Amino acid sequence: MKRHNHFRVYFLLAVLLLAGTVVLLREHRPSFLRPGLRLCAYVLSDDGNVTVVDLVRLGVSARVPVGPALSGLVEHPTRPEIWGVSTAGGYVWVLDAKSNQVVARIPVGASPYAVSFSPDGRRAYVTASAGESLVVVDCASRQVLARTRIPGEPVLVRATPDGNSLLVLNRREGKLDVYDAASLALRVAIPVVARPAQIAVLPDSSLAFVASRESRLLSVVDLRRGVLLANLELAGIPSDLLLKPDGGELYVLSPGAHGLQAINTWTHEVGDYVLLGKSSIIREVVGLDVAIGKRPGTTRRISKYPLSS
């Protein structure tokens, strides 16, 4: 009888151990069980190259020459491609993540700084700052579809999550220009903080938060009514805006004030301030995207792209 009870106990322990092992393997999926796994980081450096780092094997797999003054590194939302701009060259470049080759250089105009995409990934948007223009690129054919002039100094463009509008930061004019994504017609120009440089948009496309790297103010913009709601005073000059995936809170990093400040995106109240330490540098940690601060002579940006599961 005792042997029979012992057998039941051992059998139950074996079943529990097997079930636990299956759960762990499904949740963590260790790389040694996936020999075909490729997970890479793409690093921009000052010598005009993109360095591809294999994060599974922890080694450099390629160095790809791209062009001068690289910036705006970003993954395409649906295609295995890495996009960025050459500010000095005046073009958008496309890197195929499978072959680690530059497959396109698309001229867009003088001094582009960043590229962004429509929610469905079919179109890319870039502003030529010195050329005072907004350029729309078809991601499949990599051809320029449209171009419109924006007087001033357009430094950044973002599509709203609903895909209906394009938000352009006009640095010289101190405005947020809202364009119709289909026709590229200007809907409204909203005064915001002076010399705007960054923007965060709520997932429901209702509000935008605009910041400058030269002011302690954060502009809150109602995109549906096209009006400025408030200019919130921050603890320090912001370097980056980090929006929670659900849009409930916006975190503002202020290296000069050595900390992080929380903003309630529903009540527009400035919340708690967390001291992180002297000269804190955090750029972005959202999903698989990681970026680090720019320091002369060192790596400027990193981005990860999962190539297979």
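Small disclaimer: the values here were computed from a predicted structure and weren't measured. (Residues numbered from 1 in each chain as written. Predicted model: local features only at pLDDT ≥ 70, side-chain atom pairs only at ≥ 80, totals over all residues. Heavy atoms only, no water.)

**Q** Please clarify how the overall build of the protein should be interpreted in this entry.
**A** Along the protein, the regular secondary structure elements total one helix and 26 strands. Among the 309 residues that make up the protein, the fraction classed as buried is 45%. Of all intrachain contacts in the protein linking residues separated by at least 6 positions in sequence, the fraction that spans at least 24 positions is 36%. Counting only carbon and sulfur atoms, one obtains 56% of the accessible surface of the protein, whose full area is about 15700 Å². (Helix = DSSP H or I, 4+ residues; strand = E, 2+ residues; numbered from the N terminus. Buried < 20%, exposed > 50% of the residue type's maximum accessible area, 1.4 Å probe, protein only. Contact = heavy atoms within 4.5 Å. Areas by Shrake-Rupley, 256 points an atom, 1.4 Å probe, with all protein chains shown as cover.)

**Q** In this structure, what is going on with the sheet that holds strand β23 (residues 269-275)? I would like to understand it.
**A** Hydrogen bonds between backbone atoms are what pair the strands of a sheet, whose relative direction is either parallel or antiparallel. In space, the four strands of this open sheet follow the order β20-β21-β22-β23, with antiparallel pairing throughout. Where the open sheet ends on each side, the last strands, each with one partner, are β20 (240-243) and β23. With strand direction ignored, the average angle separating the axes of adjacent strands in the sheet is 25 degrees. Where β20 meets strand β21 (residues 249-254), four bridges bridge the pair, whose relative direction is antiparallel. (Pairing = 2+ DSSP bridges. Axes fitted to C-alpha atoms, helices over the stretch in contact; angles between N-to-C directions.)

**Q** What is the right way to look at the nonpolar core in this model?
**A** By size, the foremost hydrophobic cluster in this structure holds 16 residues, and its most contacted members are Leu167, Leu176, Ile199, Ala208 and Leu223. Residue assignment for this core shows that the elements contributing at least two residues are β12 (154-159), β13 (165-170), β14 (175-180), β16 (198-201) and β17 (207-211). Excluding anything up to four places from it in sequence, Leu167 contacts Leu156, Val157, Arg158, Thr160, Leu176, Asp177, Val178, Ile199, Val201, Ala208 and Leu223. (Core = buried A, V, L, I, M, F, W, Y, C linked by side-chain atoms within 4.5 Å.)

**Q** Would you explain the sheet that holds β16 in this entry?
**A** Overall, antiparallel pairing links the four strands, which are arranged β16-β17-β18-β19 in an open sheet. Of all strands in the sheet, those bounded by a partner on one side alone are β16 and β19 (227-233). Taking each pair of neighbouring strands and ignoring which way they run, the sheet shows an average axis angle of 20 degrees. Relative to β17, β16 runs antiparallel, the two being bridged by four bridges. Paired with Ile199 across the two strands is Val210, which belongs to β17.

**Q** Help me out: how do you make sense of the environment of Val270 in this one?
**A** Topologically, Val270 is positioned in strand β23. Each C-alpha atom, one on Val270 and one on Leu250, is 9.6 Å from the other, the two residues being 20 residues apart in sequence.

**Q** What exactly am I supposed to notice about the pairing of strand β9 (residues 123-128) here?
**A** Every other side chain in a regular strand lies on the same face of the sheet, so the side chains alternate between the two faces. Burial analysis of β9 places five of its six residues in the buried class, which makes it a mostly covered element. Relative to β9, strand β8 (residues 112-117) is paired through four bridges, and the arrangement is antiparallel. What sits directly across from Pro112, in β9, is Ala128. Between β8 and β9, which pair antiparallel one after the other, the connecting turn spans five residues, and Gly121 there sits at a positive phi close to 75 degrees. Pairing of β9 with strand β10 (residues 133-138) involves six bridges; the strand directions are antiparallel. In the sheet register, Ala128 faces β10, and the bridge partner there is Ser133. Where β9 hands over to β10, the hairpin turn is made up of four residues, of which Glu132 adopts a positive phi near 50 degrees.

**Q** For this particular structure, what's the right way to read the packing of aromatic side chains?
**A** Geometry of an aromatic ring pair is reported as the spacing of the ring centres plus the angle between the planes. Applying the stated rule across the entire model yields one aromatic pair. Ring centres of Trp83 and Phe117 lie 5.4 Å apart, and the angle between their planes is 85 degrees; this geometry places the pair in the edge-to-face category. One end of the pair, Trp83, is in strand β5 (residues 81-86); the other, Phe117, is in strand β8, and 34 residues separate them in sequence. What makes Phe117 buried here is its relative accessible area of 12%. (Phe/Tyr/Trp six-rings, centres within 6.5 Å; stacked < 30°, edge-to-face > 60°.)

**Q** Would you take a moment to explain unusual backbone geometry for this structure?
**A** For residues that are not glycine, phi is negative in most cases, and the peptide bond is trans in most cases. Despite not being glycine, Ala69 has its phi angle at roughly 50 degrees, a positive value. Unlike most non-glycine residues, His268 shows phi in positive territory, near 60 degrees. Relative to the helices and strands, His268 resides in the loop between β22 (259-264) and β23.

**Q** In this structure, what is going on with the pairing of strand β18 (residues 217-222)? I would like to understand it.
**A** Summarising burial for β18: five of the six residues are buried, a large majority. Direction of pairing for β17 relative to β18: antiparallel, over a ladder of five bridges. Its bridge partner lying in β18, Leu207 is registered against Asp222. Relative to β19, β18 runs antiparallel, the two being bridged by six bridges. Counterpart to Leu217 in the pairing with β19 is Glu233. From the end of β18 to the start of β19, which pair antiparallel, there are four residues, and Gly226 there has a positive phi angle of about 70 degrees.

**Q** Teacher, can you tell me more about the environment of Val135 here?
**A** Along the polypeptide, Val135 turns up in strand β10. Each C-alpha atom, one on Val135 and one on Tyr125, is 5.8 Å from the other, the two residues being ten residues apart in sequence. Not counting chain neighbours up to four residues away, the residues in contact with Val135 comprise Val108, Ala124, Tyr125, Val126, Val144, Ala146 and Arg147.

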